[in-house]
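Structural description and commentary
The primary structure of each chain is shown beneath.
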Amino acid sequence: MLSSGPRRFAPLSRRGLTPTLILGPLVGIACLSGAGEATSDAQENVIPAARPAGASVMQIVAHPDDDLFFMNPDTSQSVGSGRALTSVYLTAGEADGVNASKTAPGGGPLSADALAELPAADKGRYAEARQNGIRAAYAEMATGNRTSPWQRVTIPTAGGGTAELDTLKARPEVNLVWVQLHEAGSIAGDRPKSLHGLWDGRVDTLGSQLASSSPVTKGFSYTKEQVVDTVAGLLERFRPTHVRMQDPTPGRTGTSGKVTDHQDHMYGARFVQAALTRYAGSTGRPAFSVQNYLGYFTSRLPRTLDPATAAAKLRTLKTYAWMDGENHCGDEAGCGDRKVAARPGGHGWAQSVRYTRGESTSWVQPGRDGGLWAFSVLDTRLAVWHRAAGATGSAGSAGAAGAWSGPRLLAGEGIDSGVTSVKLPDGRIAVFGTRTTLGDGPEDYRRDVVTTVQRTPDGAFGPWRSLGTPERDDASGTSDISAPAVTVDRAGLMTVYLRDGSHSLSSTARRPDGSWTPWQGRGGRDVHGDPVAATDAKGRQYVFVGTARSVVSFIQPAPGAPLTGPTATGVPPTTLTLSAGRDGDGVRLWFRKPGSGDVRTVRFSGTGVSPVTELGGPAGFGPVGVSGPDSTLLAVRSRTGTPGTALLAPAVAGTGEAGAAGRSARTGRAQWRAAGSLFAGAPAGVPSGAKGAGLAAVGLDGRLYWAQADARGSLASWTPVG
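The notes below deal with the structure included here. Predicted, not measured: the structure shown is a model, and the values here were computed from it.

Quick word on the overall build of the protein chain
- Within the protein chain one finds eleven helices and 41 strands.
- A total of 722 residues make up the protein chain; the buried ones form 62% of that total.
- Total accessible area on the protein chain stands at roughly 25500 Å², and carbon and sulfur atoms take up 50% of it.

Here we look at the packing of aromatic side chains
- A full pass over the atoms with the stated rule returns 17 aromatic pairs.
- Between the aromatic rings of Tyr296 and Trp349, the centroid separation amounts to 5.1 Å while the plane-to-plane angle is 5°, which identifies the pairing as stacked. Of the two residues, Tyr296 is situated in the loop between β11 (289-293) and α8 (307-321) and Trp349 in the loop between α9 (338-341) and β12 (364-366); the sequence distance between them amounts to 53 residues.
- Under the relative-accessibility criterion, Trp349 is labelled buried at 10%.
- Measuring from centroid to centroid gives 5.4 Å for Tyr355 and Phe621, while their planes differ by 75°, and the two rings are edge-to-face. Of the two residues, Tyr355 sits in the loop between α9 and β12 while Phe621 sits in the loop between β32 (613-614) and β33 (625-627), which places them 266 residues apart along the sequence.
- One aromatic cluster in this structure is built from Phe69, Phe70, Tyr296 and Trp349.

A closer look at the sheet that holds strand β34 (residues 633-637)
- Within the open sheet, the four strands sit side by side as β33-β34-β35-β37. Their pairing is antiparallel. The strands lining the two open edges of the sheet, one partner per strand, are β33 and β37 (670-674). Strand-to-strand twist in this sheet, taken as the mean axis angle between neighbours without regard to direction, amounts to 20°.
- The sheet contact formed by β34 and strand β35 (residues 643-648) spans five bridges and is antiparallel. Bridged to Arg637 within β35 is Pro643.

Section: the sheet that holds strand β18 (residues 446-453)
- Strand order in the open sheet formed by four strands is β16-β17-β18-β19, with antiparallel pairing between adjacent strands. Strands at the two margins of the open sheet, each flanked by one partner only, are β16 (420-423) and β19 (465-468). Averaged over all pairs of adjacent strands, the angle between their axes in this sheet comes to 30°, without regard to strand direction.
- Two strands pair when backbone bridges link them, and β18 and β19 are joined in this way by three bridges, in the antiparallel orientation.

Looking at the state of the cysteines
- As enumerated under the stated definition, the model contains one disulfide in all.
- Between the sulfur atoms of Cys329 and its disulfide partner Cys335 the distance amounts to 2.1 Å. Its S-S torsion of approximately -85° makes the covalent link between Cys329 and Cys335 left-handed.
- Accessibility expressed as a relative area gives 8% for Cys329, which makes it buried.
- With a relative accessible area of 0%, Cys335 lands in the buried category.

Observations concerning the packing of helix α4 (residues 123-143) against α8
- For the pair α4 and α8, interaxial distance at closest approach is 7 Å and the crossing angle is 140°. In this structure, the crossing between α4 and α8 has a hand that is right-handed. Residues Arg130, Gly133, Ile134, Ala136, Ala137, Glu140 and Met141 of α4 form the contact with α8, whose own contacting residues are Arg315, Thr316, Thr319 and Tyr320.
- The class makeup of the residues in the contact of α4 with α8 is five nonpolar, three polar and three charged.

Focus on the environment of Thr283
- Mapped onto the fold, Thr283 is located in the loop between α7 (263-280) and β11.
- Residues Thr283 and Glu236 lie 47 residues apart in sequence; the distance between their C-alpha atoms is 9.9 Å.

Things to note about the pattern of salt bridges
- Taken as a whole and assessed by the stated rule, the structure comprises 30 salt bridges.
- The shortest N-O distance in the salt bridge between Glu128 and Arg152 comes to 2.9 Å. With Glu128 in helix α4 and Arg152 in strand β5 (residues 150-156), this residue pair connects regions lying 24 residues apart in the sequence.
- Judged by relative accessible area, Glu128 falls into the buried class, the value being 0%.
- Note that Arg135 and Glu164 form a salt bridge whose closest N and O atoms lie 3.6 Å from each other. With a gap of 29 residues between them, Arg135 in helix α4 and Glu164 in strand β6 (residues 162-168) connect regions that are remote in the sequence.
- Accessibility expressed as a relative area gives 1% for Arg135, which makes it buried.
- Exposure remark for Glu164: the relative accessible area of 0% places this residue in the buried category.
- Each of Glu128, Arg135, Arg152, Glu164 and Asp166 takes part in salt bridges that share partners, so that together they form one network.

Quick word on the environment of Ala287
- Considering the arrangement of structural elements, one finds Ala287 in the loop between α7 and β11.
- Once the C-alpha coordinates of Ala287 and Pro407 are considered, the two residues, 120 residues apart in sequence, prove to be 9.9 Å apart.

With respect to the nonpolar core
- Counting residues in each nonpolar core, the largest one holds 43 residues, and the members touching the most others are Ile60, Val88, Leu181, Leu234, Leu235 and Leu276.
- Sorting elements by how many residues they give to this core places α7 first, with ten residues.
- Val88 has contacts with Met58, Gln59, Ile60, Val61, Val177, Val179 and Leu234, leaving out every residue within four places of it along the chain.
- Counting residues in hydrophobic clusters, the runner-up holds 37 residues, among them Ala55, Phe69, Val174 and Val340.

Quick look at α8
- With 15 residues, α8 extends 20 Å from end C-alpha to end C-alpha; this agrees with the ideal 21 Å at 1.5 Å per step.
- Residues of α8 that are buried sit in contact with α1 (66-70), α4 and α9.
- For α8, the N-terminal cap is Asp306; the gap from its side-chain oxygen to the backbone nitrogen of Ala308 is 3.2 Å.
- Directly beyond the C-terminal end of α8, a positive phi value near 60° is found at Trp322.

Rules behind the numbers
- Residues numbered from 1 in each chain as written.
- Predicted model: local features only at pLDDT ≥ 70, side-chain atom pairs only at ≥ 80, totals over all residues.
- Heavy atoms only, no water.
- Helix = DSSP H or I, 4+ residues; strand = E, 2+ residues; numbered from the N terminus.
- Buried < 20%, exposed > 50% of the residue type's maximum accessible area, 1.4 Å probe, protein only.
- Areas by Shrake-Rupley, 256 points an atom, 1.4 Å probe, with all protein chains shown as cover.
- Phe/Tyr/Trp six-rings, centres within 6.5 Å; stacked < 30°, edge-to-face > 60°.
- Pairing = 2+ DSSP bridges.
- Axes fitted to C-alpha atoms, helices over the stretch in contact; angles between N-to-C directions.
- Disulfide = S-S within 2.5 Å.
- Left-handed = near helix turned anticlockwise from the far one by under 90°.
- Contact = heavy atoms within 4.5 Å.
- Nonpolar A, V, L, I, M, F, W, Y, C, P; charged D, E, K, R; others polar.
- Salt bridge = Lys/Arg side-chain N within 4 Å of Asp/Glu carboxyl O.
- Core = buried A, V, L, I, M, F, W, Y, C linked by side-chain atoms within 4.5 Å.
- Expected span 1.5 Å × (residues − 1).
- Polar contact = N/O pair within 3.5 Å; in protein donor to acceptor, adjacent residues only side chain to side chain.

Below is the structure:
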C-alpha cells in the first residue's frame, strides 16, 4: 500500500473531476541498447476548443503487444509521421512467467519432453523480455534497426508510485511508458487481483510486477483512484491530441455468454475512460479525440487489411516475438515474447484492425441558409464547426463560400466518439450519438443514446436528451451498442436504429407529441458494426447492417409503411463499415472488399438491387465518405492512413439496372489519389442531393480539414479550416 494512505474513490460521473495533476522530475536513469428527460445544460454554454501546436498521439493498452495486434497499422503510421507518439502499458503482462509457448507449432499441446525443456517460470524476466520485444518493434518501425538504443528512466506518477519511461534516442518523439501493474493472468477467469477486481471493488489495491531490468526497483500498490490518477497524470504530462484505447464495451458471445475480449483489455479501457473524464476537466491543454479498437473478436469477422499492409504488420509482430532467437538486446531475460512466436499473427489479428467507435460518415450537413455544419467529438463533448453561407447562398459555389469557425464544444460530457446527423424538413439539424456514464460504482456504468436538436434553423443547439438504451444493464451485455442510424420522414418524425448487445437491430421512434417510443427489437441475427440509413426521393426509408457474410436490409415498400425485414440482400461480404445515401428514386450502399480495401457499391430501389460496381481504391480500411449532388466524390482511409479520394464519372455513380447483387460485377472509372495528413474516425462529405461538393476529415491534431470541389468537380488540397 502506498504511504498516501487509504483514499475514497471519488464518483466518476460524466460531469467529471478536475484535480490538478503534476508530475515531478526524472528520478533515475538507465540505458539499454537494443428514453429519459432532457438534461438541464443549455447548449449555448459553449467554449472554444484549445488549438494544438501539432498532432500528438497517446496509445493506452493493457498488455505489451495489444498495440501491435489491435492498433497497427495506425501505430506504424504515427511512428512514420514524425509526430509525437507515446504508448502506455498498464500491466507488466507477466502471465505465468514462462517465455515460451505451450502449444506445438502445428497446434495442440507440447509433448512431455518438450514441456520438460521449457524455461523456468520467472515473471520479472518474462515481463522484461516482452518489454525488449516492444522496444525492438518500435525501433524497427522508427529507424529500420531493431537495436536502435533507448534511454530508460523512472518518473513519479500522480498515483504515488513510479513508472518507467523509455525514449528512443534516434527518434525522441517516440516514447514508451511502463506502469507495471499485475495482469489478471487469465482471459476470463475469476481473478480478483486484477484491473477487473480493482474496478469492481473486490480488492482495495493492485500491486506491481516489475520487469527484471527496469530502472524502477521499488514495488508499489495502487487503489482504484490511484490508477485513475496515474493515467490522468500521464495524459497531463504528454498532452495528446489523439488517444487510442481498447474497447471498454466488447460485448458477449451469443453462444456461451462470455465476454469477447480479455478482461484486462475491457477494464483497463474503463480505467482509461475514467482518466479521460478527469483530464477533460483540466485547463490549458490541447483538445483531444479518442479512438477505440476491437480486440480478440476481430478473428471472427472479415479481414480488413490488404496483403501488403498485413505483411508489414506481421513483420513487426515477428520482431516483437523474437523469431530468430538472436540475443541482439544483450539481455539474459530474452529479446522478445516467445509465447507469440508460435503464432505471431495471433488468431487472424495481423490481417485486420477495427474501430468500435467513430466510423460515422454522416457528420456534415448543409444549413438552410447555404452554409455548412460539421460535427465531431473532442474532450468527450460535441464539437461543432460552421461555415457561413457565401454571397450567393450556395455552399458549393467556388469562391462564394464563407469562412469556417469553430470548433465550439457544447455542454455535456461523456459523448462517445462518432456522431451522426440528419437534417429535418424545417431546416434544423439533429445530432445523435452515444454517451458513457461511469457512475458512482461499477454497477452504475452505462451507455445511452442521446440527441441534441437546433432550436431554430442554423441556430443554437438545445440540451442533450437521453433516448435510453435497449440494454437491460451493463452486466448482461457490457453496454455493447453501436452508433445510431437515423431516418426522418416528411413530417419530421425521426426513427433511431441501433445494433444491440444481442447482435440484432433495435429501434425507437419519435412520436408527434415529442416523446419517444420504448426500444423494440427489429430482428436480425449475428449483425455487427454500425447500421446505416438513407431515404430515397420517393420518401422510402432504408436501413442496412452488416453480417460476417453479407448485408441485411430493412426497407419501406412505400413512404410511411412499416419497414420490412430483415431481408437478405445477396450483397457479397463486406468489412462491415457501410455508408448509404440517396440516389434518385433509390439509395446507394457503399462498402469495401475484405482483404483488399477496394471500394464497391450497389444501388437499391425498393427491394431491387443492382449488380456490384467495382471501384478499386488505395487499399486501407474503414467506411466510404461520399459527396456531391450525384455522389461522385469519394473519400476513404488509404493504406498510408491519409485520405484517399476519387472523382467518379456520373455513369458510375448514377443509376444502375436492378438485378442480383454480386452478379455481373462491372468496373467503374475511378482515379484514386492519396494525400493529406493522418486523421481520426472516418471522412465525410456534403450529403447527396445538397448543393456543392466537398470532403471533411478531423486530423489527429483535432483540427477540421476540408477539401473543396470546384464547379468542374476538381478537388482542392486538404486544408485545416478550424
